Amino acid sequence: MANVLVWVEHDNASVKDATLAAVTAASQLGDVTALVAGAGCDGAAAAAAQIAGVAKVLKADDAAYANALAENVAPLISGLMAGYDAFVAPATSNGKNIAPRVAALLDVAQVSDILSVEGPKTFTRPIYAGNAIATVESSDAKLVITVRGTAFAKAEATGGSAAVEAVGGTGDAGLSSFVGAEIAKNERPELTSAKIIVSGGRALKDADTFQQVIFPLADKLGAAVGASRAAVDAGYVPNDFQVGQTGKIVAPEVYIAVGISGAIQHLAGMKDSKTIVAINKDEDAPIFQVADIGLVGDLFNVVPELVGKL
């Protein structure tokens, strides 16, 4: 069995959901060791030790890792890879920032955004905005992989009892520094982990109309709010609402697309949803080709009526 090192995405106290999917993928390759790199990260290390399928946790506690700067984390990982056959990271913003640097330091080709594990070094991944699935086989001695979180079941967050081992860090590489972060606060569920998502498109005209139509429906359903790129570019909602190829990849139980035509770039971000509901007045809109339930009608009449009946 191969030895696999999984980078744990966390907030120093708890583990992010994306890590659980990465552990599931890694466990299909071999024995899983989780790496928790942070500052004051005992809570995250303890949480990682409880994840089902994790055999060991490595904890690198150093101020240099406080904000997961890739320039500092990548050298730590590449140094640890002497004892591992594969490195796996979730395909999140941080994971996609760190993994390529690790691959470069190891002089191997990265396998990105995998959808399944087909063999010891064989994987599937989406290409052409998800319109084709490529099967790729690595010939490198060590693997560097990012995992699409929506393609794998999440490992159980409890039930494990891995030992936590402290490891020395490589310190601050001096290549970058953390200046600040503007975190958008949202009372609704996080897009990538929500079970229900209500998304709006350009047809909603402006920011006020978007809020008046989409938000009441989302509130009734306890849903997260998403948007197409056109709606984001038009300034209806902030960037972190965007679903699609250049936004967030989601796979909720229910995805409700309101006034979204269904451009290929948007479909790439949500077509793995369990049930897709489309509301659009254009009966020829591409969104209806992937929708499980389609409602042709004026969203400005249909959505308020739907909210009234819920």
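Computed from a predicted structure; not experimentally measured. (Residues numbered from 1 in each chain as written. Predicted model: local features only at pLDDT ≥ 70, side-chain atom pairs only at ≥ 80, totals over all residues. Heavy atoms only, no water.)

A. Summary view of the overall build of the protein. Scanning the protein from terminus to terminus reveals eight helices and 15 strands. Its C-alpha radius of gyration of 21 Å places the protein within 12% of the 19 Å reference for a compact globule of 310 residues. Dimensions of the protein, computed from the C-alpha atoms along their principal axes, are close to 60 × 40 × 40 Å. Within the protein, the proportion of its 310 residues that are buried is 47%. (Helix = DSSP H or I, 4+ residues; strand = E, 2+ residues; numbered from the N terminus. Rg over C-alpha atoms; globule rule 2.2 N^0.38 Å. Buried < 20%, exposed > 50% of the residue type's maximum accessible area, 1.4 Å probe, protein only.)

B. Highlighting the pattern of salt bridges. In this structure the tally under the stated criterion is eight salt bridges. As a salt-bridge pair, R101 and E71 come within 3.2 Å of each other at their nearest N and O atoms. Here the residue R101 occupies a position in helix 4 (residues 93-106), and E71 occupies one in helix 3 (residues 70-80), the gap between them amounting to 30 residues. With relative accessibility at 31%, the residue R101 sits in the partly exposed group. The salt bridge partner of R188 is D219, with a shortest N-O separation of 2.9 Å. A residue pair is termed long-range when its members are at least 10 positions apart, and R188 in the loop between strand 10 (163-166) and strand 11 (196-200) and D219 in helix 5 (residues 207-221) qualify at 31 residues. (Salt bridge = Lys/Arg side-chain N within 4 Å of Asp/Glu carboxyl O.)

C. Spatial organisation of helix 5. Between its first and last C-alpha atoms helix 5 spans 21 Å; for 15 residues at 1.5 Å apiece the expected length is 21 Å, and the two agree. I214 marks the point of greatest bend in helix 5, at about 30 degrees, and the proline P216 comes within the next four residues. By the burial criterion, the buried members of helix 5 are T209, F210, V213, I214, F215, L217 and A218. The elements touched by buried residues of helix 5 are strand 11, strand 12 (224-227), helix 6 (229-233), strand 13 (254-258) and helix 8 (299-309). Phi for G222, located one or two positions after helix 5, is positive at around 65 degrees. (Expected span 1.5 Å × (residues − 1). Bend = angle between axes of the 7 residues up to and from the residue. Contact = heavy atoms within 4.5 Å.)

D. Seen up close, the packing of aromatic side chains. In the structure shown here, the tally under the stated rule is two aromatic pairs. With a centroid separation of 6.2 Å and an interplanar angle of 90 degrees, the aromatic rings of F210 and F215 are classed as edge-to-face. Their ring planes at 50 degrees and their centres at 6.4 Å tell us that F210 and Y236 sit as a pair that is tilted. Taken as a pair, F210 in helix 5 and Y236 in the loop between helix 6 and strand 13 lie far apart in primary sequence, 26 residues in all. (Phe/Tyr/Trp six-rings, centres within 6.5 Å; stacked < 30°, edge-to-face > 60°.)

E. Quick peek at the sheet that holds strand 6 (residues 116-119). The sheet built from three strands is open, its strands ordered 6-7-8 with antiparallel pairing. The outermost strands of the open sheet, each flanked by one partner alone, are strand 6 and strand 8 (132-137). The sheet shows a mean angle of 35 degrees between the axes of neighbouring strands, direction not considered. Both strand 6 and strand 7 (residues 122-127) contribute to a ladder of three bridges, which runs antiparallel. Bridge assignment links G119 to a residue of strand 7, and that residue is T122. (Pairing = 2+ DSSP bridges. Axes fitted to C-alpha atoms, helices over the stretch in contact; angles between N-to-C directions.)

F. Quick peek at the nonpolar core. Counting 33 residues, the largest nonpolar core has V57, V88 and I145 as the members making the most contacts within it. Here this core takes six residues from helix 1 (residues 17-27), the largest share from any one element. Sequence-distant contacts of I145, defined by excluding residues within four places in its chain, comprise L29, F87, V88, A89, V111, I114 and F123. Counting 26 residues, the second largest nonpolar core, distinct from the first, contains L58, A60, Y65 and L76. (Core = buried A, V, L, I, M, F, W, Y, C linked by side-chain atoms within 4.5 Å.)

G. A look at the sheet that holds strand 10. Taken in spatial order, the seven strands line up as 5-9-4-1-2-3-10 in an open sheet, and their pairing is parallel. Here the strands that pair on one side only, and so sit at the sheet edges, are strand 5 (111-114) and strand 10. Across the sheet, the mean angle separating the axes of adjacent strands is 25 degrees when strand polarity is ignored. The sheet contact formed by strand 4 (residues 86-90) and strand 9 (residues 143-147) spans five bridges and is parallel. What sits directly across from A86, in strand 9, is L143. Packing against the sheet, helix 4 makes contact with strand 1 (2-7), strand 4 and strand 9, and its axis sits at approximately 170 degrees to strand 9.

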